Each structure stands twice: as C-alpha cells, then as structure tokens.
Amino acid sequence: MSTVHLTILYYSSTGTNYTMAQTAAAAASELGAEVRVVRVAELAPQEVIASNLAWKAHVEKATSVPIATLDDIGWADAVIISTPTRFGNVASQLKQFLDTTGSLWAQGKLTNKVVSAMTSASNLHGGQEATVLSLYTSMYHWGAIVVAPGYTDSSIAAAGGNPYGTSLTVDIDGKFDINGLEAVKHQARRVVTVAGALKKGFNV
Ligand SMILES: Cc1cc2nc3c(=O)[nH]c(=O)nc-3n(C[C@H](O)[C@H](O)[C@H](O)COP(=O)(O)O)c2cc1C
C-alpha cells in the first residue's frame, strides 16, 4: 500500500490546538503516514496579540511551524483540521484559509480527500460540537469523505464524548486534561487507516 499523505492544518492562539496537531502528527507517523503539520496565517493585529501574554508567547513559539499553502492540501490524501472554538464557530483565521481553496475545488482536487476535525473551547457546552459540524459543512462542499470518530474507542467518551471530532475543554490558564489527547491519537489513527484503505481502493 502506498504511503498515506496526511496534512494537519490548524490554528491556535494559545497552544491547545498546536498540541492537538502535534499529537495527531506523532500518532499518524507511528502508523507510517507521511505527515505535514502546517498552521494557517495569523490575521489578528499585532496590538491585540501583544495585549494577551499567552497569545504572544504562543505566536513566538510557533514560528518554526510552516504556514499552510494550497500545495499542502493538494498533496494530501487526508486532512485533519484543528481550530479553537470562536463564538461557537470556526476561528476566522482557519476559515480564511479554507476560503482560498476554491481553485483546488474548481479543478476537482479536493474530491475524495479524507477529512476529520478537532476543536477546543473553554466551556463543555460552549459550542464544541457546533464548531466541528460547521467545519464539516465546508468539507461536504469539497467532496471530501468525513471520517468522524463516533464512539469507536473508549478514549472518546473519556475526552468528553464528542463523536463528531475530538474536543478538549481548556481552563482559564489554558490547561486541559491530557488524557483527552488519547482521543486525538485515536482520531488520527482512524483517519490514516481509512485513508490508506481508500487509497488502495482508488488505486492512486
Ligand atoms: C474571541 C473568542 C471567542 C471564544 N468563543 C468561545 C466559545 O464560543 N465557547 C467557548 O467555550 N470558548 C470560547 N473561547 C475560548 C477558546 O475556545 C479557547 O481559548 C481556545 O479553545 C484555546 O485554544 P488555543 O489554545 O489553541 O488557542 C473563545 C475565545 C476567544 C478569544
């Protein structure tokens, strides 16, 4: 079976989704996938970032992560997307990048990509499920194949039980239960396994 190309596309202000992306990457690599971890460009004004110490610190830490390009999406057999919840929805930075994929869409290059989404939020009922489902609306337009975790592993219930995609709840200091990362790993492995089977089936 040819190697699965997996792109992990994320946005993170204060590091939670960065950690989720890196955790997913490690789990996927262990299964033999070739993985790119890329962040979408920051769009917030410098003065807004500077006014939040945690945000500023994370921006400085993440400078070594490449900025996502359309090639990262075109190259991928599978894409895992991770975004913080913003007012019950996808972060605008991430959405802005998705809105640049129209040329790939027009060429049919998004068809049959395996996709899966993750999020984090401050509140258990603060829009975690809505954010993931909102992302999937765009994925259906891509012609992608959404691979949600469902309840295919006990780690999902332990992480809060979001069957649409792993979501972690962060406290005011940005901390979360690290056991939730087991659900991230499971989701990544499931994506690689399904993408591998489809790649073999499509003979590409
Ligand atoms: C503008 C803004 C809107 C937010 N909206 C929500 C929300 O609707 N529900 C919620 O529970 N948390 C909300 N949060 C908290 C973020 O989801 C939380 O800080 C984020 O998940 C942390 O992820 P990160 O560390 O990767 O940036 C919001 C934060 C900001 C700055």
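Everything quoted here is computed from the prediction, not taken from an experiment.

Reading the values: the criteria
Residues numbered from 1 in each chain as written. Predicted model: local features only at pLDDT ≥ 70, side-chain atom pairs only at ≥ 80, totals over all residues. Heavy atoms only, no water. Salt bridge = Lys/Arg side-chain N within 4 Å of Asp/Glu carboxyl O. Helix = DSSP H or I, 4+ residues; strand = E, 2+ residues; numbered from the N terminus. Buried < 20%, exposed > 50% of the residue type's maximum accessible area, 1.4 Å probe, protein only. Contact = heavy atoms within 4.5 Å. Phe/Tyr/Trp six-rings, centres within 6.5 Å; stacked < 30°, edge-to-face > 60°. Lys NZ or Arg CZ within 6 Å of the ring centre and 35° of its normal. Pairing = 2+ DSSP bridges. Near = heavy atom within 4 Å. Polar contact = N/O pair within 3.5 Å; in protein donor to acceptor, adjacent residues only side chain to side chain. Areas by Shrake-Rupley, 256 points an atom, 1.4 Å probe, with all protein chains shown as cover. Nonpolar A, V, L, I, M, F, W, Y, C, P; charged D, E, K, R; others polar.

Participant: Hey, could you go over the pattern of salt bridges for me, with residue numbers and the actual values?
Facilitator: One pass over the structure, following the stated rule, counts six salt bridges. Taking the shortest distance from any N to any O, the salt bridge between D71 and R36 comes out at 2.9 Å. One end of the pair, D71, is in helix α4 (residues 70-75); the other, R36, is in strand β2 (residues 34-39), and 35 residues separate them in sequence. For D71, a relative accessible area of 48% corresponds to the partly exposed category. What you see here is one network of salt bridges that share partners, running through R36, D71 and D72.

Participant: Give a detailed account of the environment of A148, specifying residues and quantitative values.
Facilitator: If you trace the backbone, A148 turns up in the loop between β6 (145-146) and α8 (154-158). Taking the C-alpha atoms as reference points, A148 and K185, separated by 37 residues in sequence, lie 13 Å from one another. With sequence-adjacent residues up to four places away left out, A148 is seen in contact with S116, Y136, P163, Y164 and R190.

Participant: Mind laying out the packing of aromatic side chains, listing which residues take part and the relevant values?
Facilitator: Enumeration according to the criterion identifies one aromatic pair in this entry. Ring geometry for Y10 and Y18: centres 6.1 Å apart, planes at 65 degrees, overall edge-to-face. An identical accessibility class is assigned to Y10 and Y18; each is buried. Between R36 and the ring centre of W75, over which it is positioned, the NZ or CZ distance is 4.0 Å.

Participant: Account for the pairing of strand β5 (residues 114-121), with residues named and values stated.
Facilitator: Summarising burial for β5: eight of the eight residues are buried, a large majority. Where β5 lies against β6, two bridges are found, and the strand directions are parallel. Across the sheet, V115 pairs through a bridge with V146, a residue of β6.

Participant: Give a detailed account of the site of the ligand, specifying residues and quantitative values.
Facilitator: Close to the ligand lie 16 residues; S12, T14, T16, S120 and G126 are nearest. G88 has a polar backbone atom sitting 2.9 Å from an oxygen atom of the ligand. G126 is positioned with one of its backbone polar atoms (N or O) 2.7 Å from a nitrogen atom of the ligand. Notes on the ligand: free accessible area 640 Å², of which the protein chains cover 77%. When residues of the shell around the ligand are traced back to their parent elements, those giving at least two are α1 (16-30), β3 (78-86) and β5. Per-element accounting of the shell around the ligand gives the leading share, three residues, to β3. For the shell around the ligand, the per-class residue count stands at three nonpolar, twelve polar and one charged.

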